[in-house]
Amino acid sequence: MDVKTNKKDKSSARSGTLGTFAGVFTPSILTILGIILFMRLGYVVGNAGLWRALIILVFANGISVLTTISLSAIATNLKVKGGGDYYLISRTLGLEFGGAIGIVLYLAQSVSIAFYCIGFGEVLAGVLGSDSKIMHQIIAALAVSFLFIFVWFGADVATRFQYVVMTILGIALISFFWGGFSSWDHTLLTQNWGSPSPGMAFWGLFAIFFPAVTGFTQGVSMSGDLRDPGRSLPLGTFLAVGISIIVYFLAALTFAASTPGDILRGDYGVMRRVAAVDFLITAGVVAATLSSAMASYLGAPRILQSLASDRIFPFLLPFAKGYGPAGNPRRGVLLSTAIAFATIALGNLNVIAPVVSMFFLISYGLLNYATYYEARAASPSFRPRFRWYDLRASFLGALACLGVMLAIDLTAGLIAITILFAIFQYLKRTAGPARWADSRRSYHLQQARNHLLSAATEAQHPRDWRPHLLLFSNDSHRRKHLLNFASWLEGDAGLTTVVRILEGRGVKMLKLKEESETELQKDIIESGLEAFPLVITVPEFNQGLQTLVQAFGVGPLRANTILLNWIEQLSERKSAFKEMLYGRQLKTAFRMGCNLIVLNAKQDQWENLDTLPPNKRRIDVWWWADATSRLMLLLAHIMTRSETWEEAIIRVLAVGDDTKTERTTEELQITLNEVRIEAQPEIVRDANTDIVAAYSADTALVFLPLRLRGDQPLDPFGNPLEHMLSRLPIAALVLAAEDIELDAEPEEGIAAEVASALDAVQDAEKKVQMAEKDVSEASEAAEKAKEKLQKGLAAEATTLDEETLSELIKELRKAERQSVEASRRYAKAKTKAKAAAREAEALGAVDKNTKKETNSNEDKV
């Protein structure tokens, strides 16, 4: 069987045989309950004090739990195949991230085989009474050879060996807890609660302990051998993590309550002192190291096999082959064995050990981020069966992994990140098109949605204008150059959509539409430029053009410019008729509010442009000081952003007369300075068609105004276009449907008008309130004066003299006049407030709630 057919066959022929217990729980729990539990946990408790040791356990296991939540979500959202972490990350973040993490994870797990076996060699050499480094290496090599036998025959055989190891490990832990609980001392527990002085730094102790929890994803590497990965991966991993957390917390308490702190700090093998049967701890250490090595031995080749099957690295293709019904990756096993032997021969592992640990942390961080990325994309396809997922948990897990990397070993962390980034960049340049659908497109679509909704809430402003082009081209042989010109015009700021309008009816148009879309897509790909293809079928061209221009786009993203080629030279009769139809279509697009750009360029002119050095190119802009002139100047400036035109000179040629030449030149230079566009101004006196042709004959590109009279496109002087175009180099004829303010300030535009209108409404409302208060006070004063007069007349009718009566009447009349004046001011203020509110409403500045509140206030008054 060759490699090409192997991938297809293995997906159908392979059916996993392992369940949750054998395939996920066993390798995960055996790796977690490893050498750190037996040889370093007591040391951490002794140096940190029990309370800090418990914090270390909470923090380290918190990362395990967060990552397990992410794993459960993503594993129940995909049909997980072989490759474990690599498969999950690559199918979410893409082949670049997946390939980078896959290769480093494979190397890290292969090197880990040697790490664990060297740990086994040190323990066994100690039991044999030898302290020779060579003896450690010999025993480690023999251990690799021993494990190789089980791994070679497949996961089923290796799993049976793991059952034996787990049994020994369980008996050793029972012996430890039995001895610890028998010698439990509350006084000792209290003494070991606090931190010793002086003690080790928190992050130093965290770095010693953290490798203990890095084995919880070992079961993920066996995903290809599982009967039901979607069920087994979350269940088995959660069980392994949960049980290991209980074991570690109980073990920390047991160490603190049974052993003095100085012994904990000075004896790595303190567990043997605590255990009821000490030799069982030695057996447990042996079992722990071999089980961890076995888990890495099983996982590493399967990552390599999945990586090779995806053909990301061509040189790995031979490792895609599997053997037997389960597709055992024997070639990967051989390579992992060679790496393990080479690592053992190296002897000193302290140099690369920290970097290897960082690779594991990066994989956990990327697993968390991949799940967050998938959830953040809000794709309807993200439907994990794991119900207790929250994307904030994944994001927190990713941040925690990054923080721990930099806190444990900044240098090793940066080295690991640099290696991963280098592989990522290599794959980005060499991997070619995507081989599967990942979550990136979904994420980009969600971001586009969010950004469009946000942009729609912001008021339009001239500073935000950018060219969004509809490029019309029915001629494939002229489309390539038009695409190039469009890419210069958009200047990495706008968008281009290549359009074909097919006129006709019937089912045949569907096939024609499909063929045209394929043709457009092919031309875009061959040009190497960024554009979107669009083909529509219409019964009548002009009607279709009107509909397209009005309906194209979404939200605030609308086409604002039409770009097309000038008609090719035909016979005189045909040319006149086609020019009339052409002009009619231009007028239709112009009336719909689109700027027009008509490009006239022949093949020999493009060839001449290609031979012209970039620093010898010049762009001529013919200036009439109108909206079209401003648009042409902006387009010329945008063109100089591209590599093709970045060294070109812009020359602005303003049409003037003899009497105003000097003044017009100064005004034009001031205008150029105000709009911040570097160009050379020049006045052309008594310009006409011949003078324009003479001035711009040696330029690289000419921008000229386009005029439309009826259905006839004309040059700036009202003459037919063909006479001028035949004497010019590449020319772009432009007609602006909108006036773009090149010198617009941030305080100008709709946003400023809306703010001013809202301010006017608020000021008017305040005046209404003040006038209303004045009316109330004046009315109250008038009522008091009236009551005073009435009381005086009733009580002192016989004694009230004329002078007193006159004073009371004057006071009443004054109060009444003030009341009337206050009412007039109120009416005037209310009228102004209504006018301001109407103006603000017309600008869209008053929402429904504000409008209701204003109407309510008016009704109340």
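Please read all numbers here as calculations on a predicted model, not as lab measurements.

Draft legend 1. View of the overall build of the chain. Helix and strand counts for the chain come out as 32 helices and twelve strands. Looking at the 861 residues of the chain, the share that counts as buried comes to 49%. Considering only contacts within the chain whose residues lie at least 6 apart along the sequence, 81% involve residues at least 24 apart.

Draft legend 2. Summary view of the pairing of strand 4 (residues 561-565). In terms of burial, strand 4 is largely enclosed, as five of its five residues are buried. Side chains of strand 4 alternate between two faces, with Thr 561, Leu 563 and Asn 565 and Ile 562 and Leu 564 buried alike. As judged from the four bridges shared by strand 1 (residues 468-472) and strand 4, these two strands associate in the parallel manner. Across the sheet, the residue bridging to Phe 472 is Leu 564, located in strand 4. With five bridges joining them, strand 4 and strand 5 (residues 595-600) adopt parallel strand pairing. Bridging from a neighbouring strand, Leu 564 pairs with Val 598 of strand 5.

Draft legend 3. Broad picture of the sheet that holds strand 8 (residues 680-685). Pairing is mixed across the open sheet formed by ten strands, whose spatial order is 3-2-1-4-5-12-9-6-7-8. A strand with exactly one partner marks an edge of an open sheet, and here the two such strands are strand 3 (532-538) and strand 8. The mean inter-strand angle of the sheet, taken between neighbouring strand axes irrespective of direction, is 25°. Sheet analysis places strand 9 (residues 701-705) next to strand 12 (residues 731-735), joined by four bridges and oriented parallel. Residue Pro 705 lies in a different strand from strand 12, and its bridge partner there is Val 734. Sitting on the sheet, helix 21 (residues 476-490) is in contact with strand 1, strand 2 (495-503), strand 4, strand 5, strand 9 and strand 12, with an inclination near 150° to strand 4.

Draft legend 4. Just a nonpolar patch on the surface, in detail. A surface patch of nonpolar side chains, amounting to about 400 Å² of accessible area, comprises Leu 402, Leu 406, Leu 410, Leu 414 and Ile 417. Of all the secondary structure elements, the ones that give two or more residues to the nonpolar patch are helix 18 (391-408) and helix 19 (410-430). By secondary structure assignment, the location of Leu 406 is in helix 18.

Draft legend 5. How the structure looks around the packing of helix 7 (residues 95-127) against helix 16 (residues 330-346). Helix 16 packs onto helix 7 with a crossing angle of 55° between their chain directions and a minimal axis gap of 8 Å. Taken as axis vectors, helix 7 and helix 16 run oblique relative to one another. Of the two possible hands of crossing, helix 7 and helix 16 adopt the one that is right-handed. Contacts between helix 7 and helix 16 involve Tyr 106, Leu 107, Ser 110, Val 111, Ile 113, Ala 114 and Ile 118 on the former and, on the latter, Gly 332, Leu 335, Ser 336, Ile 339, Ala 340, Thr 343 and Ile 344. When its residues are assigned to classes, the contact of helix 7 with helix 16 shows ten nonpolar, four polar and no charged.

Draft legend 6. Highlighting the packing of aromatic side chains. Summed over the entire model, instances satisfying the criterion amount to 32 aromatic pairs. Between Phe 206 and Phe 210, the aromatic rings sit 5.5 Å apart at their centres with planes inclined by 25°, giving stacked as the arrangement. An identical accessibility class is assigned to Phe 206 and Phe 210; each is buried. Positioned above the aromatic ring of Tyr 268, the side-chain terminus of Arg 40 is 3.7 Å from the ring centre.

Draft legend 7. Structural detail: helix 19. Helix length check: helix 19, at 21 residues, gives a terminal C-alpha distance of 30 Å against a target of 30 Å (1.5 Å per residue), a fit within 8%. Within the sequence span of helix 19, burial applies to Ala 412, Gly 413, Ala 416, Leu 420, Ile 423, Phe 424 and Leu 427. What you see down the axis of helix 19 is that its buried residues fit within an arc of 105°, all on one side. Facing away from the buried side of helix 19 by more than 90 degrees, the exposed set consists of Thr 411, Thr 418, Phe 421, Lys 428 and Arg 429. One side-chain oxygen of the residue at the start of helix 19 lies 3.3 Å from the amide nitrogen of Thr 411, identifying that residue as Asp 409. Count one or two residues on from helix 19 and you reach Gly 432, which has phi positive near 80°.

Draft legend 8. Looking closely at the packing of helix 2 (residues 20-32) against helix 9 (residues 155-182). Two elements in contact, helix 2 and helix 9, have axes whose closest approach is 10 Å; the angle formed by their N-to-C orientations is 45°. Put simply, helix 2 runs oblique to helix 9. For helix 2 against helix 9, the interelement crossing comes out left-handed. Facing helix 2, whose interface residues are Phe 21, Ala 22, Phe 25, Thr 26, Pro 27, Ile 29 and Leu 30, helix 9 presents Thr 159, Gln 162, Tyr 163, Val 165, Met 166 and Leu 169. Here the residues of the contact of helix 2 with helix 9 are counted per class, giving ten nonpolar, three polar and no charged.

Draft legend 9. Here's a closer look at unusual backbone geometry. Despite not being glycine, Ala 625 shows a phi value in the positive range, around 60°. Even without being glycine, Asp 686 reaches a positive phi, approximately 50°. Along the chain, the position of Asp 686 falls in the loop between strand 8 and helix 28 (689-695).

Draft legend 10. Representation of the environment of Val 151 in the model. Tracing the sequence through the fold places Val 151 in helix 8 (residues 133-152). Between the C-alpha atoms of Val 151 and Leu 298, which are 147 residues apart in sequence, the distance is 6.4 Å. Once residues lying within four places of it in the same chain are set aside, the contact partners of Val 151 are Met 294, Tyr 297, Leu 298, Asn 328 and Val 333.

Draft legend 11. Broad picture of the nonpolar core. Leu 37, Phe 38, Leu 41, Phe 209 and Tyr 248 are the most contacted members of the largest nonpolar core, which totals 137 residues. Among the elements that line this core, the one with the most residues is helix 7, at 17 residues. Residues contacting Phe 209, with those up to four places away along its chain left out, are Ile 36, Leu 41, Val 44, Ile 56, Leu 57, Ala 60 and Tyr 248. By size, the runner-up hydrophobic cluster in this structure holds 54 residues, among which are Ile 597, Ala 648, Val 652 and Ile 730.

Draft legend 12. Inspection of helix 4 (residues 41-48) at higher detail. Counting buried residues in helix 4 gives eight out of eight residues, a clear majority hidden from the surface. Buried within helix 4 are the following residues: Leu 41, Gly 42, Tyr 43, Val 44, Val 45, Gly 46, Asn 47 and Ala 48. Considering only its buried residues, helix 4 is in contact with helix 3 (35-39), helix 5 (50-75), helix 11 (202-209), helix 12 (229-258), helix 13 (261-266) and helix 14 (270-274). Within two residues after helix 4, Gly 49 carries a phi angle of roughly 80°, on the positive side.

Draft legend 13. A look at the side chain of Ser 72. Structurally, the position occupied by Ser 72 is in helix 5. Owing to a relative accessible area of 0%, Ser 72 belongs among the buried residues under this scheme.

Conventions adopted
- Residues numbered from 1 in each chain as written.
- Predicted model: local features only at pLDDT ≥ 70, side-chain atom pairs only at ≥ 80, totals over all residues.
- Heavy atoms only, no water.
- Helix = DSSP H or I, 4+ residues; strand = E, 2+ residues; numbered from the N terminus.
- Buried < 20%, exposed > 50% of the residue type's maximum accessible area, 1.4 Å probe, protein only.
- Contact = heavy atoms within 4.5 Å.
- Pairing = 2+ DSSP bridges.
- Axes fitted to C-alpha atoms, helices over the stretch in contact; angles between N-to-C directions.
- Patch = residues over 30% accessible without salt bridge, like charges linked within 9 Å, V, L, I, M, F, W, Y side chains within 5 Å.
- Areas by Shrake-Rupley, 256 points an atom, 1.4 Å probe, with all protein chains shown as cover.
- Salt bridge = Lys/Arg side-chain N within 4 Å of Asp/Glu carboxyl O.
- Parallel < 35°, antiparallel > 145°, perpendicular 65-115°, else oblique.
- Left-handed = near helix turned anticlockwise from the far one by under 90°.
- Nonpolar A, V, L, I, M, F, W, Y, C, P; charged D, E, K, R; others polar.
- Phe/Tyr/Trp six-rings, centres within 6.5 Å; stacked < 30°, edge-to-face > 60°.
- Lys NZ or Arg CZ within 6 Å of the ring centre and 35° of its normal.
- Expected span 1.5 Å × (residues − 1).
- Arc of directions from axis to C-beta.
- Polar contact = N/O pair within 3.5 Å; in protein donor to acceptor, adjacent residues only side chain to side chain.
- Core = buried A, V, L, I, M, F, W, Y, C linked by side-chain atoms within 4.5 Å.

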